[in-house]
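Chain by chain, the residues run as shown.
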Amino acid sequence: MQQVLANGNKRKQYVQKMFNDIAHRYDLLNHLLSGGTDIYWRRKAISKLNISPDSLVLDIACGTGDFAFTTQKLKKSNVIGLDIATKMLSLGKQKAIDKKKSDKIHFLAGDGENIPFADKSFDAVTVAFGVRNMGDVKKNLNEMSRVIKPGGELIILEFSTPKLKIIKKLYRVYFHKILPGIGKLISKDKEAYTYLPVSVDYFPVRREFARWIEDEDFYPVNFWRLFNGIAVIYKGIKK
Ligand SMILES: C[S@@+](CC[C@H](N)C(=O)[O-])C[C@H]1O[C@@H](n2cnc3c(N)ncnc32)[C@H](O)[C@@H]1O
């Protein structure tokens, strides 16, 4: 697993295959394993966005579209969802049809490390639980910075490790021991939910990651811890 995480290209292929394989169970497992908290976290993150109705938002690593649907609902914006896993996108497209939102939310296959849009195209860029999965996180940040208009906003929702020792201990038992078992049982993928906690451990923690965002031409950059830091909302304004 460590070898996969350390090699950008290998990691991208691994992640793409993994999400295509678990796509049909992704939404169910998300809500089940988080006890529905993911819905609250998404709403909280999007509530930090300060954009006007009809703004154009790019949702990177959109998966089956839950963050994009939340943005459209709360901010009345137009959203383009971009992802490398086509099976996740197919489910997102079907959800848009079912919700009668196909005119407001569009799904596109593409790489967050090589975004297929011109410079300064978007009023905001969002990513939920996606940055951590990139082969090259800094390249992804650089690309997101490129496509946001000056003064536009970046919102990132990502897992992290909690601050308090006791919560950290409980979190480690749940994330490393319980979650992989349930994930494997329901998704039938033996590695997907083992990859999740390992990839969180591998990811820079709050202040360090906020600095990575600042380094890509965002100021100010703020972050908010959710549930003692199990998840974090980062917000940056493009200079
Ligand atoms: C944990 S899912 C998050 C999906 C969605 N944002 C959500 O909140 O439910 C991570 C997603 O990142 C996508 N992903 C990983 N690397 C990517 C890349 N380089 N470019 C675009 N999407 C990527 C995966 O295919 C997967 O759908």
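Residues numbered from 1 in each chain as written. Predicted model: local features only at pLDDT ≥ 70, side-chain atom pairs only at ≥ 80, totals over all residues.

Colleague: How would you summarise unusual backbone geometry if you had to cite specific residues and measurements?
Modeller: Residues other than glycine predominantly adopt negative phi, and peptide bonds predominantly adopt the trans conformation. For the bond running from Tyr219 to Pro220, omega is -5°, close enough to zero to count as cis. Here Lys188, not a glycine, exhibits a phi torsion of approximately 65°, which is positive. Position of Lys188 among the secondary structure elements: in the loop between helix H7 (165–187) and helix H8 (192–202). Judged by local crowding, Lys188 falls into the exposed class, with 12 C-beta atoms found within 10 Å. One non-glycine residue, Asp217, adopts positive backbone phi at about 80°. Tracing the backbone shows Asp217 in the loop between helix H9 (206–214) and strand S6 (218–226). C-beta crowding within 10 Å serves as the criterion here: with 16 such atoms nearby, Asp217 is assigned to the partly exposed category. (Helix = DSSP H or I, 4+ residues; strand = E, 2+ residues; numbered from the N terminus. Buried ≥ 20, exposed ≤ 12 C-beta atoms within 10 Å, placed from the backbone.)

Colleague: How would you summarise the site of the ligand if you had to cite specific residues and measurements?
Modeller: Within the structure, the ligand sits among 22 residues, and Ala61, Gly63, Ala85, Gly112 and Ala128 are positioned closest to it. Those elements that place two or more of their residues in the shell around the ligand are helix H2 (8–33), helix H4 (66–75) and strand S2 (78–83). For the shell around the ligand, the leading source of residues is H2, giving four residues. Looking at the shell around the ligand, its residues break down into 12 nonpolar, five polar and five charged. (Near = placed C-beta within 6 Å. Nonpolar A, V, L, I, M, F, W, Y, C, P; charged D, E, K, R; others polar.)

Colleague: Could you give an account of the packing of H2 against H7, with specific residues and numbers?
Modeller: The contact between H2 and H7 brings their axes to 10 Å, and the two run at 140°. As summarised for this structure, H2 and H7 are arranged oblique, according to the angle between their axes. Handedness of the crossing formed by H2 with H7: right-handed. Contacts from Ile22, Arg25, Leu28, Leu29 and Leu33 of H2 reach H7 at Leu179, Ile182, Gly183, Ile186 and Ser187. Partitioning the contact of H2 with H7 into residue classes produces seven nonpolar, two polar and one charged. (Axes fitted to C-alpha atoms, helices over the stretch in contact; angles between N-to-C directions. Parallel < 35°, antiparallel > 145°, perpendicular 65-115°, else oblique. Left-handed = near helix turned anticlockwise from the far one by under 90°. Contact = placed C-beta atoms within 7 Å.)

Colleague: For the environment of Lys87, give the residues involved together with the corresponding values.
Modeller: With respect to the secondary-structure elements, Lys87 resides in helix H5 (residues 86–98). Using a count of 18 C-beta atoms within 10 Å as the deciding quantity, one classes Lys87 as partly exposed. Those residues within four positions of Lys87 in sequence are excluded, and the remaining contacts are Asn20 and Ala23.

Colleague: Before we move on, can you summarise the environment of Pro53 with the specific residues and values?
Modeller: Mapping Pro53 onto the fold places it in the loop between helix H3 (37–47) and strand S1 (56–60). Pro53 sits in the exposed class, given 8 other C-beta atoms within 10 Å. Sequence-wise, Pro53 and Lys76 are 23 residues apart; in three dimensions their C-alpha atoms are separated by 5.0 Å. When residues no more than four places from it in sequence are discounted, the contact partners of Pro53 are Lys75, Lys76 and Ser77.

Colleague: Which residues make up the pairing of strand S3 (residues 105–109), and what are the values?
Modeller: As paired elements, S2 and S3 share five bridges and run parallel to each other. If you follow Asp83 over to S3, its bridge partner there is Ala109. Of the crossover connections in this fold, the one passing from S2 over H5 to the parallel S3 is right-handed. (Pairing = 2+ DSSP bridges. Right-handed = clockwise from strand over helix to strand, strands pointing away.)

Colleague: Could you give an account of the pairing of S6, with specific residues and numbers?
Modeller: In the sheet, S6 pairs with strand S7 (residues 231–238) via seven bridges, with the strands oriented antiparallel. Note that in S7 the partner of Arg225 across the bridge is Val232.

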